[in-house]
Amino acid sequence: MAIYGLIGYPLSHSFSKKYFENKFQSESLRDNQYKLFEIEKVDSLKDIIKQNPNLKGLNITIPHKESVIPYLDKLNDTAKKVGAVNVIRVEDKYLTGYNSDYFGFEKSLFQWFPEVKISKAVILGTGGAAKAVMAVLKDNNIEFTLVSRTESTHAISYQRLNTSNIIAESNLIINTTPLGMAPKPEGHPAIDYNQLSDTHYVYDLIYNPAETTFLKKAYQHGAKIKNGYEMLELQAEKSWEIWTS
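Parameters and conventions
Residues numbered from 1 in each chain as written. Predicted model: local features only at pLDDT ≥ 70, side-chain atom pairs only at ≥ 80, totals over all residues. Heavy atoms only, no water. Helix = DSSP H or I, 4+ residues; strand = E, 2+ residues; numbered from the N terminus. Buried < 20%, exposed > 50% of the residue type's maximum accessible area, 1.4 Å probe, protein only. Contact = heavy atoms within 4.5 Å. Polar contact = N/O pair within 3.5 Å; in protein donor to acceptor, adjacent residues only side chain to side chain. Axes fitted to C-alpha atoms, helices over the stretch in contact; angles between N-to-C directions. Parallel < 35°, antiparallel > 145°, perpendicular 65-115°, else oblique. Left-handed = near helix turned anticlockwise from the far one by under 90°. Nonpolar A, V, L, I, M, F, W, Y, C, P; charged D, E, K, R; others polar.

Draft legend 1. Molecular detail of the environment of Y4. Tracing the chain through its elements places Y4 in strand β1 (residues 3–8). Overall, Y4 belongs to the buried group, its relative accessible area being 5%. Along the backbone, Y4 and Q33 are 29 residues apart, and their C-alpha atoms lie at a distance of 6.1 Å. Every residue in contact with Y4, bar those within four places of it in the chain, is listed here: F24, N32, Q33, Y34, K35, L55, K56, G57, W240, W243 and T244.

Next up, the structure:
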């Protein structure tokens, strides 16, 4: 029997378990299991590995995509470049970290619209998911502004964003924060939505709910909108490729 799973906190609205259970059923992999490991502190990973000798792979979600790195034996090149891990391959307790968010975001973004249409981008949030988005934009030579609650040398604050024309001058806006995710769908990034227009493409990495408050507000101003479901499917398939290749 092969065991796969997801670590994160909280995991009450996990996509991964249902997705992989359906995959196991459709491919007649009846001995495979997908478990949820809801851990508040990432150092519990050691116990998960010890207690599950048949564990072959893990997905990593909020808030452990960066903090898990010191617990791994090796990082592949994409994970090194991104600086965040969302997939672990387990081979005889030897842990290799990968980043399939990079693959999922890049493919879903450019299937949505061609690269030539992007002038500048705004990335909301600075966590592990944001790092994958940044790496994709850098590799495709797309200029971006990073936005955080706290101003730093790398990111501007929401206040500074809203008192500038950055949103109006950037036609791709990406939310990488958990604001608006179930079970708190009323949350949304505090940006100046009045700067959005029908020239904007607004991408929310959240997939539950399918239309977040962020996307609803953007759509009301004429923007084209996309949620993170396709990215999630793509990165899940990439995870499976990593675990079984």
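Moving on from the model shown.
Draft legend 2. Quick look at the side chain of S157. Residue placement: S157 occurs in strand β9 (residues 156–157). Judged by relative accessible area, which is 12%, S157 ranks as buried. A polar contact of 3.1 Å, which involves the side chain of S157, links it to the backbone nitrogen of R160. Those residues in contact with S157, other than ones at most four positions away along the chain, are V147, S148, R149 and E151.

Draft legend 3. Just the packing of helix α1 (residues 16–26) against helix α9 (residues 229–244), in detail. For the pair α1 and α9, the least separation of the axes is 11 Å and the interaxial angle reads 55 degrees. Accordingly, the angle class assigned to the pair α1 and α9 is oblique. For the crossing formed where α1 meets α9, the hand is right-handed. Facing Y19, F20, K23 and F24 of α1, the residues of α9 in contact are E233, A236, E237, S239, W240 and W243. A breakdown of the residues in the contact of α1 with α9 according to their chemical character gives six nonpolar, one polar and three charged.

Take it as geometry only, folks, not as evidence of what the structure does.
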